[in-house]
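So you can see what is in the structure, the chains are spelled out below.
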Amino acid sequence: MRIVSYNLFEGLAETYPRFLEFIDQQKPDILCLQEATNWQEANFSQPKDILAQSDYEAFIFGDSNSRHKLVTFTKPVANFSRSYSEGFWHSVIQTRVAYSGSELDVFNVHLDPRTEGFRLQEAKQILRLVDFKKPTLVTGDFNSLTHSDNYPPDLADMLQAHSITKFGKDKPQFAVTDLMRQAGLIDVAAELGQVETTVPSRFNHDKDHEVPLRLDYMFVTRSPSWRELQLPK
């Protein structure tokens, strides 16, 4: 099964055709999107267009508390889906599909962009939704740092030089990803040695994303079959 998580940055206002090429090349079975900004307009014309141009069975829309919405597309028929917005800055989408003789829960998340303290509360709320007896993947934009990436000792100075405070005012904080690991979840990219920074990007150079960092993750529960989850090349 191939799963892709993608922060669209302002709803693909300038890159929609390139995005369609990307999903046609990668052919993910489950596609988790963040910042699907304005995709609810015109009776969900963009998600419906993607369905028409692909072999996805359905999409689940996360109506966030912010203008940055979430969408999950699935090829396997979803046995269960739900969007959560209470207690979240954006929202979270939970989707359950048949997988390897069992079921796989996929959580599409976009955590608070402001402070680690707020994000930590969101992460705790997500973990309360996880059934650790089932294979589970939590993926998306965590807006958080991880010790796994071995940042340089002067990271705090680099962030302060760019007036970036969302990761901590005095020193970088790692509470969210520490909590995910303490819960027994695996950082897939770190485990497979495929760590890459996710900001800045070609299209996103705002103040809070000027320093090269990894803010987007896939965490999975420990199970014999977790290595079958594929990262896009």
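Preceding block: the structure.
Rules of the game
Residue positions are given per chain, counted from 1 along the sequence in the order it is written. Since the coordinates come from a predicted model, pLDDT governs what is reported: local features require at least 70, and pairs of side-chain atoms require 80 or more to be given and counted, while whole-chain, interface and lining totals use all residues. To get the side-chain values, take all heavy atoms of the structure and skip hydrogens and water. For cavity detection a 1 Å grid was placed over the protein atoms alone, and a set of points counts as a cavity when a 1.4 Å probe fits there but cannot get out; an open set counts as a pocket when protein lies on both sides within 12 Å along at least five of seven lines, with lining residues being those that have an atom within 4 Å of a point. Grid points are joined across faces, edges and corners, and a volume is the space filled by probe spheres set on the points. Helical segments are the DSSP runs of H or I of at least four residues, strand segments are the runs of E of at least two, and each set is numbered from the N terminus. Gly is placed with the polar residues, together with every amino acid not listed as nonpolar (Ala, Val, Leu, Ile, Met, Phe, Trp, Tyr, Cys and Pro) or charged (Asp, Glu, Lys and Arg). The pairing criterion is simple: DSSP has to find at least two bridges between the two strands. What a helix is expected to span follows from its residue count: subtract one and scale by 1.5 Å. Remark: exposure states derive from per-residue accessible area (1.4 Å probe, protein chains only) relative to the maximum for the residue type, with buried under 20%, exposed over 50%, and partly exposed in between. Arc definition: it is the arc formed by the directions from the helix axis to the C-beta atoms. By nonpolar core is meant a set of buried Ala, Val, Leu, Ile, Met, Phe, Trp, Tyr and Cys residues that side-chain atoms within 4.5 Å join together. For Phe, Tyr and Trp, rings pair up if their centres lie within 6.5 Å, where Trp contributes its six-membered ring, and each pair is then called stacked (planes under 30 degrees apart), edge-to-face (over 60) or tilted (otherwise). Either the NZ atom of lysine or the CZ atom of arginine qualifies as a charge over a ring when it sits within 6 Å of the ring centre and within 35 degrees of the ring normal.

Points about the layout of surface pockets
Next up, step 1: There is about 170 Å³ of room inside the second largest pocket.
Next up, step 2: Lining the second largest pocket are Leu20, Glu21, Ile23, Asp24, Lys27, Ile50, Gln53, Ser54, Asp55, Tyr56 and Lys75.
Next up, step 3: Examining the composition of the lining of the second largest pocket, we find that four residues originate from one element, helix H1 (residues 16–26), more than from any other.
Next up, step 4: The residue makeup of the lining of the second largest pocket, split by class, is four nonpolar, two polar and five charged.

Quick notes on the sheet that holds strand E7 (residues 102–110)
Next up, step 1: With respect to topology, six strands assemble into an open sheet ordered E5-E6-E7-E8-E10-E9, the strand pairing being mixed. Strands with a single pairing partner mark the edges of an open sheet, and in this sheet they are strand E5 (78–84) and strand E9 (186–187).
Next up, step 2: Pairing analysis gives eight bridges linking strand E6 (residues 92–99) to E7, with the strands arranged antiparallel. Bridged to Gln94 within E7 is Phe107.

A few points about unusual backbone geometry
Next up, step 1: Here the bond from Val199 into Pro200 is cis, since omega is -10°, no more than 30 degrees from zero.
Next up, step 2: Secondary-structure assignment places Pro200 in the loop between helix H6 (188–191) and strand E10 (216–220).
Next up, step 3: Unlike most non-glycine residues, Asn43 shows phi in positive territory, near 55°.
Next up, step 4: Its place among the elements puts Asn43 in helix H2 (residues 41–52).

Quick notes on helix H3 (residues 116–129)
Next up, step 1: With 14 residues, H3 extends 20 Å between its outermost C-alpha atoms, agreeing within 8% with the 20 Å of an ideal straight helix rising 1.5 Å per residue.
Next up, step 2: Within H3, the full set of buried residues consists of Glu116, Arg119, Leu120, Glu122, Ala123, Ile126 and Leu127. Along the axis of H3, the buried positions cluster into a sector of 165°, meaning they face one direction only.

Details of the nonpolar core
Next up, step 1: Counting 19 residues, the largest nonpolar core has Val92, Val109, Ile126, Val138, Phe142 and Met180 as its most contacted members.
Next up, step 2: Those elements that place two or more of their residues in this core are E7, H3, helix H5 (175–182) and E10.
Next up, step 3: It is H3 that contributes the most residues to this core, four residues altogether.
Next up, step 4: Core analysis: the next-biggest nonpolar cluster, separate from the first, contains 16 residues, Val4, Phe19, Leu20 and Tyr56 among them.

Details of the environment of Gln121
Next up, step 1: Structurally, Gln121 is set in helix H3.
Next up, step 2: Given the relative accessible area of 45%, Gln121 is considered partly exposed.
Next up, step 3: Measuring from C-alpha to C-alpha, the distance between Gln121 and Ala42 comes to 34 Å, with 79 residues separating the pair along the chain.

Remarks on the packing of aromatic side chains
Next up, step 1: Scanning the entire structure with this criterion turns up nine aromatic pairs.
Next up, step 2: Here Tyr6 and Phe19 contribute two aromatic rings whose centre-to-centre distance is 5.7 Å and whose plane-to-plane angle is 65°, an arrangement assigned as edge-to-face. Placement of the pair is Tyr6 in strand E1 (residues 3–7) and Phe19 in helix H1, with a sequence separation of 13 residues.
Next up, step 3: The class of Phe19 is buried, set by a relative accessible area of 1%.
Next up, step 4: The interplanar angle of 45° and the centroid separation of 5.9 Å between the aromatic rings of Phe59 and Phe73 together place this pair among those described as tilted. Of this pair, Phe59 sits in strand E3 (residues 58–62) while Phe73 sits in strand E4 (residues 70–74), and the two are 14 residues apart along the sequence.
Next up, step 5: Given a relative accessible area of 21%, Phe59 falls into the partly exposed group.
Next up, step 6: Following the ring pairs from residue to residue traces out a cluster consisting of Phe44, Tyr56, Phe59, Phe61 and Phe73.
Next up, step 7: Lys75 extends its terminal NZ or CZ atom over the ring of Tyr56, reaching a point 5.5 Å from the ring centre.
Next up, step 8: The aromatic ring of Phe118 is capped on one face by Arg114, whose charged end is 4.3 Å from the ring centroid.

Keep in mind these numbers describe shape, not what the thing actually does.
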